[in-house]
Amino acid sequence: VFDHIEFDEHEHVAFCHDKETGLKAIIAVHNSHLGPALGGCRMWPYANSDEALNDVLRLSKGMTYKAAMANLNQGGGKAVIIGDPRAIKTPEMMLAMGRFVESLSGKYISAEDSGMSVADLRIMAEETTHISGTKANYHFAGEEADGNPAPSTAYGVFTGVKASVEYYFGTGLQGKKIAIQGLGHVGYRLAEHLHREGAELFVADIYPEGINRAKEKLNAKIVSPDEILKLDVDVVAPCAMGATINRQSISTLKAKVIAGAANNQLETESLGEILKGEGILYAPDYVINAGGIIDIYHQKMLSSNEALKSHLEKIGATLMEVYKRADEQNLATNRVANTIAEEKFKK
Ligand code: NAI
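Analysis parameters
Within every chain, residues take consecutive numbers counted from 1 along the sequence as written. Only residues with pLDDT of at least 70 get local features here, since the model is predicted, and only at 80 or more are side-chain atom pairs given and counted; chain-wide, interface and lining totals rely on the full set of residues. Side-chain figures throughout are based on the complete set of non-hydrogen atoms in the structure, without hydrogens or water. By salt bridge we mean one thing: a side-chain nitrogen of Lys or Arg within 4 Å of a carboxyl oxygen of Asp or Glu. Working definition: helices are DSSP H or I runs of at least four residues, strands are E runs of at least two. Numbering for both runs from the N terminus. Buried means the residue's accessible area, taken with a 1.4 Å probe over protein chains only, is under 20% of the maximum for its type, while exposed means over 50%, and partly exposed covers the values in between. Note on pairing: two strands pair once DSSP finds at least 2 bridges between them. Put simply, a nonpolar core is a bunch of buried Ala, Val, Leu, Ile, Met, Phe, Trp, Tyr and Cys residues held in one set by side-chain atoms that sit within 4.5 Å of each other. Note that domain bounds follow an automatic or database assignment of domains. We call a residue near a given molecule or strand whenever any one of its heavy atoms falls within 4 Å of it. Polar contact is the term for a pair of N or O atoms within 3.5 Å; when the atoms are in protein, one must be able to donate a hydrogen and the other to accept it, and sequence-neighboring residues count only if both atoms are side-chain atoms. Throughout, the Shrake-Rupley method with a 1.4 Å probe supplies accessible areas, and for residues the shown protein chains are the sole cover considered. A cavity, in this analysis, means grid points on a 1 Å lattice covering only the protein atoms where a 1.4 Å probe fits yet has no way out; a pocket is instead an open set bounded by protein on both sides within 12 Å along at least five of seven lines, and a residue lines either one if it has an atom within 4 Å of a point. More than half of a molecule's atoms within 2 Å of the grid points is what it takes for that molecule to sit in a cavity or pocket. Following the grouping adopted for this structure description, the nonpolar residues are Ala, Val, Leu, Ile, Met, Phe, Trp, Tyr, Cys and Pro, the charged ones are Asp, Glu, Lys and Arg, and the polar ones are all others, Gly among them. Residues count as neighbours in contact if any of their non-hydrogen atoms are within 4.5 Å of one another. Buried area is a sum: the accessible area each of two parts loses on coming together, probed at 1.4 Å, counted once for each and added. Grid points are joined across faces, edges and corners, and a volume is the space filled by probe spheres set on the points. The axes are straight lines fitted to the C-alpha atoms, using for helices just the contacting stretch, and the angles between their N-to-C directions are given from 0 to 180°.

Caption draft 1: Molecular detail of the pattern of salt bridges. In the structure shown here, the tally under the stated rule is 13 salt bridges. Across the pair K61 and E9 runs a salt bridge whose closest N-O atoms are separated by 3.2 Å. Taken together, the residues span a long stretch of sequence, with K61 in helix α1 (residues 49-69) and E9 in the segment before β1 (12-18) at a distance of 52 residues. Residue classification places E9 among the partly exposed positions, given a relative accessible area of 33%. When the shortest N-O distance is used, the salt bridge between E273 and R335 registers 2.8 Å. With E273 in helix α9 (residues 271-277) and R335 in helix α13 (residues 333-345), the pair connects residues that are 62 residues apart, well separated along the chain. By relative accessible area, which is 30% here, R335 ends up partly exposed. In this structure, a network of salt bridges that share partners links the residues R42, D55, R58, K78 and D113.

Structural data, given as structure tokens:
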């Protein structure tokens, strides 16, 4: 999300090299004014430790903003493990990671991210209590709950798309044309919610499974991955990887609203001003996709299903606040979201 990052913004950065298990990991706590730092643990074959450090600093900072905008009493943190999860991950390494998390005495609470599974977190939890995302005891969507927050992320994005359409068009979702890029854990569930509200769906993925199911069950039209962001639709929902909104894709974008799940959707922050200039409403990614962190928080608090659902539904109201302020102050929505978040966590 952030173009440039300073090391000195962070409260605590810890390094671990456990020779016995081969664990090389970094934990970064960006800011804990609102509460202990919550954020996933990512395992990735970083080329070197500089790259890993840069990633953990950037990601932990993003978590502070995300938690603040989701009105959580949590700060922002993140952990990275250096290495290819398919090649070097072992239960012993996960136990060592659990001990590393424990060594911060609750300053950082770990959860799932790329390269890590709920099963890995459960092993880490043998060594530390500072873990969340292993025991969802609910899911309002009636799904089997295993701790994976994707259903909550999808529901949060859905409420965000609804609010964005209401703000821009002054209407509901009925008959709105919506293009979804990526029908994975979040994108497919988002498609289901939108279909129920009467939206007309266009979908793309690089694998056939999700899009074929959406065609059959949700009457969605399949589009090639190259075309999905160029369609003449009302909304595009990036739900695949980051940086898909860049100068090139903006030059062919016809949609009036961008509202989806992917992290780091804008290739650079300054694209926010370009979108604003084009009259395109952009739902800041970390505001609209906060359902995952909200779910993890409620798992940790062992709160009720209703509390989770009503918290997720507040994402729409938060986006409305961002949009109104952006209009009043003639600023890009991503800049306004950053300012509101800073007002909350820098208090
Ligand atoms: P996923 O890996 O289940 O789904 C991503 C889908 O995008 C896959 O089906 C993949 O084949 C597809 N894809 C990849 N490249 C593509 C391309 N060029 N064009 C079209 N489709 C493409 O991931 P998930 O969990 O659904 O997450 C989606 C996005 O949302 C990611 O950016 C993730 O970081 C973000 N996110 C996810 C959260 C969660 O709770 N799972 C929480 C917050 C953000």
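Caption draft 2: Quick peek at the sheet that holds strand β7 (residues 200-204). Strand order across the open sheet formed by six strands is β8-β7-β6-β9-β10-β11, with parallel pairing between neighbours. Edge strands, defined here as strands with exactly one partner in the open sheet, are β8 (221-222) and β11 (281-282). Bridge count between strand β6 (residues 177-181) and strand β9 (residues 235-238): four bridges; the pairing is parallel. Paired with I180 across the bridge in β9 is A237.

Caption draft 3: How the structure looks around the nonpolar core. V161, I178, I180, L190, L194 and L201 are the most contacted members of the largest nonpolar core, which totals 61 residues. Taken domain by domain, this core gets at least three of its residues from each of domain 1 (7-63 + 75-124) and domain 2 (150-345). If you look at the next biggest cluster of nonpolar residues, it comprises 23 residues, including V29, C41, Y108 and M124.

Caption draft 4: Structural view of the pairing of β9. Residues V235 and A237 line one face of β9 and the alternating positions V236 and P238 line the opposite face, and both faces are buried. Of the strand pairs in this sheet, β9 and strand β10 (residues 257-258) are connected by two bridges, and their pairing is parallel. Looking at β10, one finds that V236 is bridged to I258.

Caption draft 5: Representation of the site of the ligand. The ligand sits among 21 residues. The nearest are T153, H185, V186, D205 and A240. One of the backbone N or O atoms of V186 is found 2.8 Å from an oxygen atom in the ligand. Between the ligand and the protein, one listed contact pairs an oxygen atom with a backbone N or O atom of A261 at 3.3 Å. Computed on the free molecule, the ligand has an accessible area of 830 Å², of which 73% lies beneath the protein chains in the complex. Applying the majority rule of atoms within 2 Å of the grid points places the ligand in the largest pocket. Only α5 (150-169) and α6 (185-196) provide two or more residues apiece to the shell around the ligand. By residue class, the composition of the shell around the ligand is 13 nonpolar, seven polar and one charged.

Caption draft 6: Representation of the side chain of H30 within the structure. Tracing the backbone through its elements, the reader meets H30 in strand β2 (residues 23-31). When near neighbours in sequence (up to four residues on either side) are disregarded, H30 contacts E9, H10, E11, S60, K61, T64, G76, G77 and F345.

Caption draft 7: Spatial organisation of the domain arrangement of the chain. According to the domain assignment, the chain contains domain 1 (7-63 + 75-124) and domain 2 (150-345). A straight line from the C-alpha centre of domain 1 to that of domain 2 covers 27 Å. Around 690 Å² of area is buried between domain 1 and domain 2 when both sides are counted, 74% of it from carbon and sulfur atoms. The largest share of the area that domain 1 buries against domain 2 comes from L34, L38 and I109, three residues that together contribute 47% of it. At the junction of domain 1 with domain 2, the criterion picks out one residue pair in polar contact (both at pLDDT 80 or more). When contributions to the side of domain 1 that touches domain 2 are tallied by element, the ones reaching two or more residues are β2, α1 and β5 (108-112). The class makeup of the residues in the side of domain 1 that touches domain 2 is five nonpolar, three polar and one charged.

Caption draft 8: Highlighting the side chain of D55. Its place among the elements puts D55 in helix α1. Discounting chain neighbours no more than four positions away, the residues touching D55 are R42 and Y46.

Caption draft 9: How the structure looks around the layout of surface pockets. A volume near 1500 Å³ is recorded for the largest pocket. Surrounding the largest pocket, 39 residues form its lining, R42, D113, S114, V186 and N263 being those nearest its centre. Those elements giving two or more residues to the lining of the largest pocket turn out to be β3 (37-44), α1, β5, α5, α6 and α11 (291-301). Counting residues per element, the lining of the largest pocket draws most heavily on α1, at five residues. A class-by-class count of the residues in the lining of the largest pocket yields 18 nonpolar, 15 polar and six charged. Structurally, the lining of the largest pocket is a two-domain feature, drawing no fewer than three residues from each of domain 1 (7-63 + 75-124) and domain 2 (150-345). Considering each element in turn, the lining of the second largest pocket owes the most residues, three residues, to helix α8 (residues 247-251).

Caption draft 10: The arrangement of the sheet that holds β2 in detail. Judged by pairing direction, the sheet is mixed, and its five strands sit side by side in the order β1-β2-β4-β3-β5 without closing on themselves. With partners counted over all chains shown, the strands left at the sheet margins are β1 and β5, one partner each. Mean inter-strand twist for the sheet, computed between neighbouring axes without regard to direction, equals 20 degrees. Two strands pair when backbone bridges link them, and β1 and β2 are joined in this way by seven bridges, in the antiparallel orientation. Paired with D18 across the two strands is L23, which belongs to β2.

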